[in-house]
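Residues per chain are reported as follows:
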Amino acid sequence: MGNHKVYLQYANAVHIHDKVWFADGESNGFFSLNLRDFSVEFLGGISFGDKTVPWAYYGNVHCSYENKLFLFPSKCNQILVYDMEQNLMTGIPFCLAGASEAYITAGVIQCDAKVWIFPYKMKQGICVLDLETLVLERCSELDEALDGVEYICNSGNVVKMNETEIAILSGKHTIIGVNLQKKKRIFSKSFDEAVNIWGIRHNSNSFWLLLYDSTDVYEWIQYEDSLIKYTLLEEEWIGGKGGAYSNIVFLGGQVVLLPCALKYITKVDFAASTIVKTAEYPKQFRFLDYLSCFPAFGAYTFLDGNKVLLYPSMGNMLLTYDAERNLIEGRESTVVIEDIPYLMKVMQKRIQMEKGIFQENDGLTVRMLDLLLDWNISGKNIGNKNCIGLRIYDDIAERK
């Protein structure tokens, strides 16, 4: 049996010095990527006891301070603190009313040695973490400033406007501004219900609005209170239609749109008020065939003023987009599963889960079939009979 490569799924990425630190969304393994030679190092697994918490730290909501990384949860109830010098992971629990309740972080705002943590469900409360003392407290003044807001829509929708002012996406139609120092609202802007927003980003004097059900993108110029629509010229989808964009990168004077279900990376043509495709992907690049509800691209790392490193959640390469040359280059980023026992255990556990051997959107699918052939296949009482992975499993069991 030969070595088996696994394509890692970058659930966020924090750039410090010459490395990018990230959690693998599929396995909750913790890794670093060396930007000098693009080597990947396994640092450890994120444990939740006997619980299965997929994509527990997914989203653009992480930060760093001195020699520590802070990962904020999307589906569990602890902040992870990773000491880069000691290679030590610890947790800071959220004190939630329900013991089984998960804290879902919509966004974080870091100002020097403090970080404000905004939940998806506002009833869970806004918290502030002192990055030096690691003391976590409820920020009741901000709770009051955002009284009436039921939820912040999706991850990443808490944006920094300047050193003292932030904005959140309330529901799907309203942007609310807050002064962090004064703990007070500074504006509230509601859009027509036809503008069904899932994400906001901020750059200079403008907010950029990403929509649920449209390939259009809006720019709201706040000081003018004017709304500009940019229309995609050509739609090309990876599979079935879904959310068009997953994120925005402001790069070298360009507004670059990272695709979710759309096939290509695009950018805004300001003169024509349109959205156009950037460069072609490298010939060897492909989206993996288990693309599901997660974005094609999410996290990114600036390499310089004109280059950005992109991490496809469901692709076989890391991509570098050079805005100045309008060029996309790629390189494979994998690990050998036999070299990392943690990943092997994750795969074996998934195979034994009651939901079935694999699902079509599972990250460890057809390329792992020969591992199954080496294992003792027994029992047929698991899974959904309509799951293609289980049908393969049954066929292997019969052949044995």
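Here the structure is a predicted model, which means the values were calculated and not measured.

How each quantity is defined
Position numbers for residues count from 1 along each chain, tracking the sequence in the order it is written. This being a predicted model, a pLDDT of at least 70 is required before a residue's local features are given, and a value of 80 or more before pairs of side-chain atoms are given or counted; all residues contribute to the totals for chains, interfaces and linings. For the side-chain quantities, the full set of heavy atoms in the structure was used; hydrogens and water were omitted. Being paired, for any two strands, means DSSP has found at least two bridges between them. Counting from the N terminus, the helices are DSSP H or I runs at least four residues long and the strands are E runs at least two residues long. Fitted lines through C-alpha atoms serve as axes, helices being fitted only where they are in contact, and the angles separating the N-to-C directions of these axes extend from 0 to 180 degrees. Definition of nonpolar core: a set of buried residues of the types Ala, Val, Leu, Ile, Met, Phe, Trp, Tyr and Cys, connected through side-chain atoms within 4.5 Å. Under the scheme applied here, a residue whose accessible area is under 20% of the maximum for its type counts as buried, over 50% as exposed, and between as partly exposed, the area being computed with a 1.4 Å probe on protein chains only. The criterion used for residue contact is that any of the two residues' heavy atoms lie within 4.5 Å. Working definition: rings of Phe, Tyr and Trp (its six-membered ring) pair if their centres are within 6.5 Å, and the pair is stacked with planes under 30 degrees apart, edge-to-face with planes over 60 apart, and tilted otherwise. Whether a charge sits over a ring depends on NZ of Lys or CZ of Arg being within 6 Å of the ring centre and within 35 degrees of the ring normal. Whenever a carboxyl oxygen of Asp or Glu lies within 4 Å of a side-chain nitrogen of Lys or Arg, that contact is scored as a salt bridge.

(A) How the structure looks around the sheet that holds strand 20 (residues 217–221). On the basis of which strands lie adjacent, the open sheet formed by eight strands has the order 18-19-20-21-25-24-23-22 and mixed pairing. Edge strands, defined here as strands with exactly one partner in the open sheet, are strand 18 (197–203) and strand 22 (245–251). Ignoring which end each strand starts from, the neighbouring axes of this sheet average 30 degrees apart. The pairing of strand 19 (residues 206–211) with strand 20 spans five bridges and is antiparallel.

(B) Region of interest: the nonpolar core. Judged by nonpolar contacts, the single largest core of 20 residues is most densely connected at Leu33 and Tyr311. Counting only elements with at least two residues in this core, the list comes to strand 2 (10–16), strand 3 (19–24), strand 4 (29–34), strand 27 (307–312) and helix 2 (341–352). If one sorts the elements of this core by residue count, helix 2 sits on top with three residues. The contact partners of Leu33, leaving out residues within four places of it in the chain, are Tyr10, Asp18, Lys19, Val20, Phe22, Phe38, Ser39, Val40, Leu309, Tyr311, Leu318 and Ser333.

(C) Inspection of the side chain of Asp216 at higher detail. By secondary structure assignment, the location of Asp216 is in the loop between strand 19 and strand 20. Sequence-distant contacts of Asp216, defined by excluding residues within four places in its chain, comprise Leu211, Lys229, Tyr230, Thr231, Leu232 and Tyr245.

(D) Quick peek at the packing of aromatic side chains. Counted according to the given criterion, the structure contains 23 aromatic pairs. An angle of 25 degrees between the planes, with centres 5.6 Å apart, marks the rings of Phe42 and Tyr342 as stacked. Taken together, the positions of Phe42 in strand 5 (residues 40–45) and Tyr342 in helix 2 put the pair 300 residues apart, joining distant regions of the chain. Note on Phe42: relative accessible area 28%, which makes it partly exposed. A relative accessible area of 22% means that Tyr342 is categorised as partly exposed. Look at Phe94 and Tyr103: their rings are 3.9 Å apart centre to centre, the planes differ by 5 degrees, and that puts the pair in the stacked class. Take Tyr103: its relative accessible area is 0%, and that puts it in the buried class. Ring-pair connections join several aromatic residues into one group, and the members of that group are Tyr10, Phe22, Phe31, Phe42, Tyr311 and Tyr342. Positioned above the aromatic ring of Tyr212 is the side chain of Lys172, whose terminal nitrogen or guanidinium carbon lies 4.9 Å from the ring centre.

(E) Quick peek at the pattern of salt bridges. Scanning all chains against the criterion turns up nine salt bridges. Lys189 is the salt-bridge partner of Asp225, the closest N and O atoms lying 3.0 Å from each other. With Asp225 in the loop between strand 20 and strand 21 (226–232) and Lys189 in strand 17 (residues 184–190), the pair connects residues that are 36 residues apart, well separated along the chain.

(F) A look at the sheet that holds strand 5. One open sheet holds the four strands; their spatial order is 2-3-4-5, and the pairing between them is antiparallel. Of all strands in the sheet, those bounded by a partner on one side alone are strand 2 and strand 5. Across the sheet, the mean angle from the axis of one strand to that of its neighbour is 25 degrees, orientation sign disregarded. Pairing between strand 2 and strand 3: five bridges, direction antiparallel. Of the residues in strand 3, the one forming a bridge with Val14 is Trp21.

Function-wise, these values are silent; they only describe arrangement.
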